[in-house]
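Here is how the chains run, residue by residue.
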Amino acid sequence: MPVVTTTELTRRFGPITALDRLTVELPAAGVIGLVGPNGSGKSTLIRILLGLIRPTAGSATVLGSAISSPARYASRVGVLVESPAFIPGLSARANLVSLARLRRLPLARVDAVLAQVGLMGRDREPVKRFSLGMKQRLGIAAALLSDPELLILDEPTNGLDPAGIVEIRELLRELGREGRTVIVSSHQLSEIEAVCDHLVVIRFGELIFSGPMAEMMKRTREHIDIAAEHAADMDRLEAALLAGGWAVTAVDDVLRVAAAADRAADLNRAATAAGITLNRLIVAQDNLEEIFLEMTGRVDGELANGRAAANGKVA
Amino acid sequence: MLAAVWSELTRLRQPRLLVTWFGLTTLFAVMINTIMITFVSGGGSMPPGAPGVAFPTLAELESPSGLLSGLAAASSMFGMVTLSIWAVVTAGDYGSGLIRLLVAAEPRRWRLLAGKVVALVILTAAATTVAALVNVLAVMPAAGAAGISTAAWGTDLVAVVAGAWVNLFLALCVWGVLGLVIATLARSAAVAIAIGVGYVLVVESIVKMLKDVPSDWLLGTILNAVAGGGTATIAYGTALALAIGCVTLGLVVAGAVFVRRDVTD
């Protein structure tokens with residue numbers, strides 16, 4: 001049974017359409033990545049699933065129960081929505097105890113989750129003294145408090161240092177292996193690529209892709225990054241390659257040529273024929289970020305906001 | 001709902017919040033009692049329309065209920081503190097984003113609201129007790145120094161203390177609910193405090209100064225009447241009924257808004 005289903009789910013804020021007839025099924029178990037440019041509707045979707053806001057149209061279920069009755073599944077869902085939110089004057093432990101009491105959970109769960117996220121020992125300090133990374137860990141601890149079947153984590157690695165990111169990545173993998181479903185919304189596409197089994201891509205409130213990560217990665221293609229020995233030759237190199245029928249894009253200080261590895265020698269010959277010596281020729285595979293940018297049209301979140309607003313959609 | 005109350009009480013154990021609440025209560029109790037004793041023993045009388053404070057006469061002060069007359073005199077001050085604290089606690093959930101976690105954990109939002117109200121009522125009872133204790137400790141030496149007779153203050157002590165405590169507690173709960181309602185609607189403690197305190201100190205004072213305007217039915221006046229066990233112009237029962245009506249209306253409005261509104265903070 002899917003852990004989340006949405007059918008024609010729509011949410012409008014005045015003239016803005018944040019979610020546009022979104023129909024998607026998320027499979028149970030494993031880590032699911034929810035990605036999209038800024039303002040694509042990810043947070044709106046999460047808030048609707050949690051009962052924080054109501055849809056304008058359409059329907060959805062979470063763990064088999066309709067979102068019109070969130071009380072039926074709330075105890076089975078753990079959440080970290082946007083930034084971690086706690087009372088700064090209270091200790092980490094007191095903040096978790098208050099949530100445990102609200103959820104009618106044994107206080108032993110507080111110790112368990114504090115240990116799980118590595119905050120045991122700092123748990124009696126006021127949250128106001130915590131770094132962003134520690135607050136993030138506390139947010140994840142709060143999400144794990146009810147030992148939930150479904151975890152919904154919005155930017156769980158936000159503010160963490162590299163070691164913390166790796167730690168949380170391992171935690172997410174472990175949670176997925178335990179048979180839980182973890183929905184992770186993140187802008188860190190390398191993180192999503194590293195931990196997710198399933199991917200959902202949204203843009204302008206519409207579904208772009210939903211499927212296994214492996215299926216998404218099948219879309220990857222090889223490309224060759226080249227650079228001329230002298231920077232002054234780059235324009236001439238690009239013109240020569242375009243004239244030769246190569247698909248070329250300027251990316252930072254290199255030219256990215258859409259070509260498989262076995263065309264590298266041809267490419268080198270083309271440059272030599274134009275009288276240009278290459279000092280860089282690197283064969284590489286597209287990563288999730290490349291595919292994502294291609295799918296979402298390489299739109300800048302902020303710029304897209306303006307464009308989409310003109311179209312009546314949150315970007 | 002007990003879970004929501006217990007959870008809210010845990011969140012209310014913030015040292016700064018409690019020190020502010022009980023500290024201001026102590027400050028106002030000492031200040032008003034000192035001023036009241038000095039003022040009354042000097043033969044002063046309150047000008048009409050004085051904002052927020054109503055001092056007893058010398059005869060009232062020397063009666064058995066005079067021991068705790070400072071509570072009624074300072075009730076508006078205590079009320080503004082209570083309004084502010086309830087507003088800060090309510091709006092704080094929105095400001096910190098905690099409301100997202102709370103509603104996700106307990107989607108039956110009326111339980112959250114009821115839990116908050118009950119928890120704040122419990123702490124309001126504690127603040128009322130602090131006010132009563134400090135009042136007694138402050139008024140005795142002040143009265144002695146001013147030469148005011150305290151001979152009658154021990155008469156019917158339990159009834160006097162219980163009556164004054166209950167009256168102040170009820171008035172403070174109404175003040176608190178007012179803060180909660182405005183904070184729920186505005187999702188801002190600053191706006192709620194500005195509206196509440198501004199209404200009492202500015203609007204009611206202006207209305208009281210205007211002749212031909214029935215100022216006895218203003219909320220602050222009604223709550224002063226509840227805290228004081230009634231006044232010459234408003235019977236206690238009438239004031240209490242009006243206060244209960246205000247609380248009921250306020251809670252219905254706050255509940256309807258809180259249950260139906262999107263949590264976008």
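Fair warning: this is a prediction, and the values are worked out from it, not measured in the lab.

Conventions adopted
Residues numbered from 1 in each chain as written. Chains lettered and ligands numbered in written order. Predicted model: local features only at pLDDT ≥ 70, side-chain atom pairs only at ≥ 80, totals over all residues. Helix = DSSP H or I, 4+ residues; strand = E, 2+ residues; numbered from the N terminus. Rg over C-alpha atoms; globule rule 2.2 N^0.38 Å. Contact = placed C-beta atoms within 7 Å. Pairing = 2+ DSSP bridges. Nonpolar A, V, L, I, M, F, W, Y, C, P; charged D, E, K, R; others polar. Domains from an automatic or database assignment. pLDDT = per-residue confidence, 0-100. Axes fitted to C-alpha atoms, helices over the stretch in contact; angles between N-to-C directions.

S.K.: Before we move on, can you summarise the overall build of chain B with the specific residues and values?
M.R.: Along chain B, the regular secondary structure elements total 11 helices and 0 strands. In chain B, the succession of α and β elements from N to C terminus is α-α-α-α-α-α-α-α-α-α-α. Against the compact-globule benchmark of 18 Å for 265 residues, chain B has a radius of gyration of 19 Å, which places it among compact chains. Considering only contacts within chain B whose residues lie at least 6 apart along the sequence, 79% involve residues at least 24 apart.

S.K.: Break down the sheet that holds strand β1 (residues 4-13) of chain A for me, citing the residues and quoting the values.
M.R.: Residue and element names in this part refer to chain A. Taking strand neighbours across the sheet as the criterion, the 4 strands line up as β2-β1-β4-β5 in an open arrangement whose pairing is antiparallel. The two strands at the open ends of the sheet, each matched to only one other strand, are β2 (16-26) and β5 (65-66). Where β1 lies against strand β4 (residues 57-62), 5 bridges are found, and the strand directions are antiparallel. In the sheet register, Val4 faces β4, and the bridge partner there is Val62.

S.K.: Give a description of the interface of chain B and chain A that names residues and reports values.
M.R.: Taken together, the contact pairs 25 residues of chain B with 26 residues of chain A. If you list the elements that add at least two residues to the side of chain B that touches chain A, you get α1 (2-11), α2 (15-41) and α6 (98-105) of chain B. The element contributing the most residues to the side of chain B that touches chain A is α6 of chain B, with 7 residues. Its residues placed into classes, the side of chain B that touches chain A shows 12 nonpolar, 6 polar and 7 charged.

S.K.: Requested: an account of the pairing of strand β12 (residues 248-251) of chain A, with residues and values cited.
M.R.: All names here are of chain A. Summarising the sheet, β12 and strand β13 (residues 254-257) pair through 4 bridges and their orientation is antiparallel. Opposite Val251, over in β13, you have Val254 as the bridge partner. Counted between consecutive antiparallel strands, the loop separating β12 from β13 contains 2 residues, among which Asp252 sits at a positive phi close to 55°.

S.K.: Please provide a residue-by-residue account of the environment of Val251 of chain A, values included.
M.R.: Looking at where Val251 of chain A falls in the secondary structure, it is placed in strand β12. Each C-alpha atom, one on Val251 of chain A and one on Gly139 of chain A, is 38 Å from the other, the two residues being 112 residues apart in sequence.

S.K.: Describe the domain arrangement of chain A, listing the residues and the values that go with them.
M.R.: What the domain assignment lists for chain A is domain 1 (4-217) and domain 2 (222-285). The C-alpha centroid of domain 2 of chain A is placed 43 Å from the C-alpha centroid of domain 1 of chain A.

S.K.: Quick one: what's the story with the confidence of the model for chain B, residue by residue and with numbers?
M.R.: Predicted confidence across chain B gives a mean pLDDT of 88, with 94% of residues reaching 70 or more. On the interface metric, ipTM, the complex scores 0.85, and its pTM is 0.83.

S.K.: Before we move on, can you summarise the environment of Lys218 of chain A with the specific residues and values?
M.R.: On the secondary structure map, Lys218 of chain A appears in the loop between α7 (213-217) and β11 (222-228). The sequence separation of Lys218 of chain A and Val31 of chain A amounts to 187 residues, and the corresponding C-alpha distance is 19 Å.

S.K.: Go over the sheet that holds strand β3 (residues 30-35) of chain A, please, and point to the residues and values.
M.R.: Residues and elements named next belong to chain A. Taken in spatial order, the 6 strands of this open sheet run β6-β7-β8-β3-β9-β10, and their pairing is mixed. For this open sheet the edge positions go to β6 (77-80) and β10 (206-212), each flanked by a neighbour on one side alone. Strand-to-strand twist of the sheet, defined as the mean angle between neighbouring strand axes without regard to direction, takes the value 15°. Here 6 bridges tie strand β9 (residues 198-203) to β10, and the two strands are oriented antiparallel to one another. Across the sheet, Arg203 pairs through a bridge with Glu206, a residue of β10.

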